[in-house]
Structures are given as C-alpha cells and as structure tokens.
Amino acid sequence: MSSAGVTTLSPVSRETLLSPTNGLCNPLHLSVDQHEFIFVYLSYSGSMSPMRVLPSDTVESVKLKIQRNEGVTNKQKLVCNGRELSRSNSLLKDYGVTEGNVLHLVIRLTDLQTISVKTCSGKEFSFQVERCKDVGYVKQQIAKREKEFADPEQQEVVCNGELLEDQKLIDDICCKYNDAVIHLFVRTKYADVSTGLDELSIEAKELNDANESDYASKYEDAAREYEAIKQIMSRKALDRGLLLEPVIVNPKVELTSEVWDMINSTYDGLDSGNSPIRSSEGTGGAYFMLDSTGQKYISVFKPIDEEPMAMNNPRGLPLSLDGEGLKKGTRVGQGAFREVAAYILDHPMSGRRSLFGDGKGFAGVPPTVMAKSLHKGYNHPEGLTAKFGSLQMFMENNGSCEDMGPGAFPVKEVHKITVLDMRLANADRHAGNILIGREKENDQAVLIPIDHGYCLPTSFEDCTFEWLYWPQARQPYSPEIIEYIESLDAEEDIALLKFHGWDLPLECARTLRISTMLLKKGVEKGMTPFAIGSLMCRESLNNESVIEGIVKTAHDSVLPGTSEATFMDAVSEIIDQHLEKVTSNYNS
C-alpha cells in the first residue's frame, strides 16, 4: 500500500462512481442536493477506490459505510492529510476533508491475516485478507497476481500438507495452525505434488509461559559487559549484516540484568536465523523479535524511520511534509524517544527509579530501551542500513482491553493507567493498547499499557483517554495512589530524561509541568480520574479543552519574554481558580 499509487489511477467518470442508493451514502442523506457531495479516494491494501461522502458525515458514519460496502471490520483507523481521524463524533469537514482527498484505511491485526504464497514454479509473494474471507477468495487474489493460476477452478491450495477446500474460512485456518502468517503452497490441479513446501512458523498467537529467572544486580559489570557485547555484535554485523545493540548516550546510565537479558535473547534469536516479524497492526512498522528457538517472543522493535508518515513507513501513509506526526503536538521520528520516556518516567511505587530499569514501574510500562539494529527483515526500500528505534520487552497477555468490557478490570489497575496518561498527556490511549495480563501469584488481572509514541506532546489538543468512559474512572483514588501522585515532581522528571539522553524540548517540558500540576492539584481537591481527565480532553474536535483554555489565558496574562517559572505561576493560579469553582459546584 503506497500513497504513490494515486498517480497510477485511471481517470474515473463521476457518473460511474457509486450512487447514493448503493450504500456508500447514508440513507438519511438521500434528499441532499447532489452538488453537496464530495468525492474522495479510499486507499486500502494497495488499491485506491473512489468514494462519495458528505462534508457533514461523521467519522463514525464513514467507517460504517466502509464496513458495509468493503466488508471490512469496524476496527478501523482513517488518516487524511497526515492526521488520524480519531474522534468518531467529529465531522469530516472539521478535519478539513475536501474534494479529492485520499483517506488511508488501516485495519487492526485481529481482523487481517497475512497470507504467504509459494507457487509450484517457485514464485513467492504475500498479501493480506480479512479473516472472515474463505479460501475461494484467496484463490481469486492469487489469480489476479499470477497468470499461470488465472483460473481459480484449476488451483489447489495446500497448508501444512493439508489440501484446503474453497469454503474453508481463513479464521478457521488461523485457529488450527496458531499462526498469524499462513504459508500456502499453490499448484495446478493434478500437478506433481512432490514439490516441497516452504513451511515456516512465523508468529504464534498463543505463547508458552515465560520462565522467570532470578536476576542478580551486578551494576559494576554493566559497562564491561556492554563493551564486550558491542564488539562481538559489531564484528558479526560486518560479516553477516546483523546488529542489535542498545544506544546509551550517557555512559553513567547502567542497564539492569533484566534489560540486558532482553537484548541478548533478542540478538540470539536473530543470530539463530529467526527474522523479525512485522506486525500487521498499527500505523507504523513494529517487529516481533523471537528467541533462539523461534518459539517465544522476546521483544518488539519499532524503527524511527518506519514510524507513521516517516520515509520508510510500510503502511503506505503519506510522508509528513512539515514533520508533524499523526497526533497534534508530536513529531515524526520522535516516537521511539517517547516510548522510552514513558518507561523511564513510570516510577516504581517504592520510590523514584534511580537507575534505568530498576524495579517494576507504577503503571507497568514494559522495559524499553533505545536500540540500533541491522537486519534484512526490516523495511529497506532504499537498501540495507542500520536502524534506530525503541526495543520493548514483549509481555505475555490474554488480549487487549478492547476484547472485553471494562467492568471486569480491577479499579486499582485502571487508576494506575489514568495517572500515567494524565502525567504524560497521552494523545493515543485507547483500549487496544492496554494489554490484559495475569499475576502469577494470585491469578489476578493486571493491565499493561503499551504504545506511548504520542505522549508528551507540545500541546493538549489531541489528548485522548478512552478510560474516561469506564466506570472505574468515576471512583476516587485510593490513599496509596494519592501518596504516589503527591510524590511526583515534574522538574525531577525532566532532569531524569536529560540524564538518559533526551533533553526534552521546551514545549514538551511545559506540557509535563502543566499536566503534573493539574493532576496533583485535582487530587488535593478530591477529584476523580474522570473529573481531572475531562479537563484535559476535548469534548469535540473544534472545542478546546479546559486545560487548553487555561494555558491560553495564562499566556495572555504574562508579558512577552517572561520566564518559564513566571508563566507556570500564572498557570498554577488559574488552575486553582478553576478547580475552586468546579469543586464548589460539586459541594453545592
């Protein structure tokens, strides 16, 4: 899928485009003047389709039309002009969608299946289909690509030695073989069946339980171990085009045994011939990394140059022209830094994280480190080069929060994530990036937050917290969590990030100061996560949030060139005034 495909479109007459009565237009709009419709293009899975919509359509209604007419899932992401259309109740015109725009459609992994095909003549290719499709549909896709199999009736498709019937659903094959990549062998009927199959087990849906090891803290050996491993990896990189090593800007930063074990096990997997597995989920390049046996996930690597709208993005999203990311206030190429920053700032309950990776974080952000990696399995459209990105420990899980209702989640687990998201002004918290795990001691559910590439933005415009609509958000914080919030210090956090090599930009540092201040003041007033979070999120796309209004008022109240400390004093005073008014209304 590539945005360059726009230039290859054949001219399409507007008379041939889908009419209002064929389902692409909302029946409620049938009486609308035809001139009010606008024509856009839907870019999906490598193809471009014309589509007629109304500027007054909501994002949700357009997704429903796509779901109904294209047969895709409701788990969609739409991107237009470099911005994700993330607010379902907002109008297309609010996002600036106009005549001729391209809407890029991204589907989640749980509904797309990667099909790898090897033909009897030795050709290999891959594509993606909906899990609800059957083998007959797959044959049609193969027929479109290969002339020798132009007649689907003459095809035979084999998986793991099993001849597949046309009626067999892709989802049934996934369940049977437990693979997220299905490897098929296609041949002409009655052909010699002695050709060997190229069967590879790429991505397991269910994983073996991870064996926990006891790690001894030997920080004095960290620097020596780092240099030794770096030399070995560098030598092998020259010989085999293979590299994986942590990026440590400050030599005083010491990685723990847990982080080193993740790095070493990931490298062993690559060294054993287990290639990175690119996920079909999300809008950027993310790679699952296997251990040396090829049976267990160790980590997830997200290269900077494959982030959404970056130059080597594998999803076909357009290149950012001004450097801004999909979310307002973020920059393309900084997602990896934000992933690592979220881990560093997720201080343990017992106190501030004094060394990198020391102790489990308050909200449970998985251990994450900046890394440099070289492997042919990444997306290299312009030649093999080493990539920088975030390397995050893979966490065993039982799915994500979007797979079940929020009522089953422990209040404490939800509250931990609310604290993390409000501190970091997360612009992309949805149920799909909160995993559900289990405590091994008591089998209690735990929530694991991932995907923090859009935290610490330069503004609050795109702050999004799905947990606002969960019942746990309306319950008060426990004394334990309140004590943790009271211990937070934005200035120490900024200094901590600088110690680890990221000198937070002024605007991002300001966001962290303001969000931490609002969280602490809200807790002092006895406010719930819902009450505080609602001040940070917009009710609709074009209506500023309360905190945005507070920042603007503070900015207008100080003289140009005012120091950051003076500006923050103004913000503090205005927050106090607003919270006093809000809490007094609660009490009256």
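Predicted, not measured: the structure shown is a model, and the values here were computed from it. (Residues numbered from 1 in each chain as written. Predicted model: local features only at pLDDT ≥ 70, side-chain atom pairs only at ≥ 80, totals over all residues. Heavy atoms only, no water.)

The strand order across the open sheet formed by five strands is β2-β1-β5-β3-β4, and the pairing between neighbours is mixed. This sheet does not close on itself; its edge strands, each paired only once, are β2 (47-53) and β4 (83-84). Looking at chain direction, strand β3 (residues 76-80) and strand β5 (residues 102-107) are connected through four bridges and run antiparallel. Looking across to β5, one finds that Leu-78 is bridged to Leu-105. (Pairing = 2+ DSSP bridges. Helix = DSSP H or I, 4+ residues; strand = E, 2+ residues; numbered from the N terminus.)

What follows concerns helix α10 (residues 506-524). The end-to-end C-alpha distance of α10 is 27 Å, a good match for the 27 Å that 19 residues give at a rise of 1.5 Å each. With respect to burial, α10 is a largely interior element, 14 of its 19 residues being buried. Directly after α10, the chain includes Gly-526, whose backbone phi takes a positive value near 80°. (Expected span 1.5 Å × (residues − 1). Buried < 20%, exposed > 50% of the residue type's maximum accessible area, 1.4 Å probe, protein only.)

With that settled, consider the packing of helix α7 (residues 411-424) against α10. Contact pair α7 / α10: the axes reach a minimum separation of 7 Å and the direction vectors enclose 140°. What the angle tells us is that α7 and α10 run oblique. Between α7, through Val-419, Met-422, Arg-423 and Leu-424, and α10, the contact on the second element is made entirely by Leu-512, Ser-515, Thr-516 and Leu-519. Classifying every residue of the contact of α7 with α10 by side-chain character gives five nonpolar, two polar and one charged. (Axes fitted to C-alpha atoms, helices over the stretch in contact; angles between N-to-C directions. Parallel < 35°, antiparallel > 145°, perpendicular 65-115°, else oblique. Contact = heavy atoms within 4.5 Å. Nonpolar A, V, L, I, M, F, W, Y, C, P; charged D, E, K, R; others polar.)

Quick look at the pattern of salt bridges now. What the rule picks out here adds up to 25 salt bridges. Measuring nitrogen to oxygen at the nearest pair gives 2.9 Å for the salt bridge that ties Arg-187 to Glu-156. With a gap of 31 residues between them, Arg-187 in strand β10 (residues 181-188) and Glu-156 in strand β8 (residues 155-159) connect regions that are remote in the sequence. The class for Glu-156 is buried, based on a relative accessible area of 15%. Glu-491 is the salt-bridge partner of Arg-513, the closest N and O atoms lying 2.5 Å from each other. With a gap of 22 residues between them, Arg-513 in helix α10 and Glu-491 in helix α9 (residues 490-499) connect regions that are remote in the sequence. Because the salt bridges share partners, they merge into one network encompassing Glu-491, Arg-510, Arg-513 and Glu-564. (Salt bridge = Lys/Arg side-chain N within 4 Å of Asp/Glu carboxyl O.)

Take unusual backbone geometry next. When glycine is set aside, most residues are seen to have a negative phi, and most peptide bonds are trans. Residue Met-309 is not a glycine yet carries a positive backbone phi of 70°. Within the secondary structure, Met-309 is located in the loop between β14 (297-303) and α6 (335-345). On the accessibility criterion, Met-309 (5% relative accessible area) is buried. Phi angles above zero are rare outside glycine, and Ala-425 is one such case at about 50°. Checked against the element boundaries, Ala-425 lands in the loop between α7 and β17 (434-438). When its relative accessible area of 0% is taken as the criterion, Ala-425 is described as buried.

A word on the sheet that holds strand β12 (residues 277-278). Pairing in this open sheet of six strands is antiparallel, and the strands run β11-β15-β16-β14-β13-β12 from one edge to the other. Strands with a single pairing partner mark the edges of an open sheet, and in this sheet they are β11 (243-246) and β12. Pairing analysis gives five bridges linking β14 to strand β16 (residues 387-393), with the strands arranged antiparallel. Paired with Pro-303 across the two strands is Gly-389, which belongs to β16.

Bringing the side chain of Ser-400 into the picture now. Within the secondary structure layout, Ser-400 lies in the loop between β16 and α7. Looking at Ser-400, the relative accessible area reads 6%, which means it is buried. Leaving out residues up to four positions away in the same chain, Ser-400 has contacts with Ala-431, Gly-432, Ile-434, Leu-435 and Ile-436.

Looking now at the environment of Gln-392. Mapping Gln-392 onto the fold places it in strand β16. Among the residues examined, Gln-392 registers a relative accessible area of 9% and is labelled buried. Look past the residues within four positions of Gln-392 in its chain and what remains in contact with it is Met-262, Ile-298, Ser-299, Val-300, Glu-339, Val-365, Pro-366, Pro-367, Thr-368 and Ile-450. Side-chain polar atoms of Gln-392 contact the side chain of Thr-368, separated by 2.9 Å. (Polar contact = N/O pair within 3.5 Å; in protein donor to acceptor, adjacent residues only side chain to side chain.)

Of all seven residues in strand β1 (residues 38-44), six are buried; the element is thus mostly enclosed. Where β1 meets β2, seven bridges bridge the pair, whose relative direction is antiparallel. Bridge assignment links Phe-39 to a residue of β2, and that residue is Arg-52. Relative to β5, β1 runs parallel, the two sharing three bridges. The residue bridging Leu-42 from the neighbouring strand is Leu-103, located in β5.

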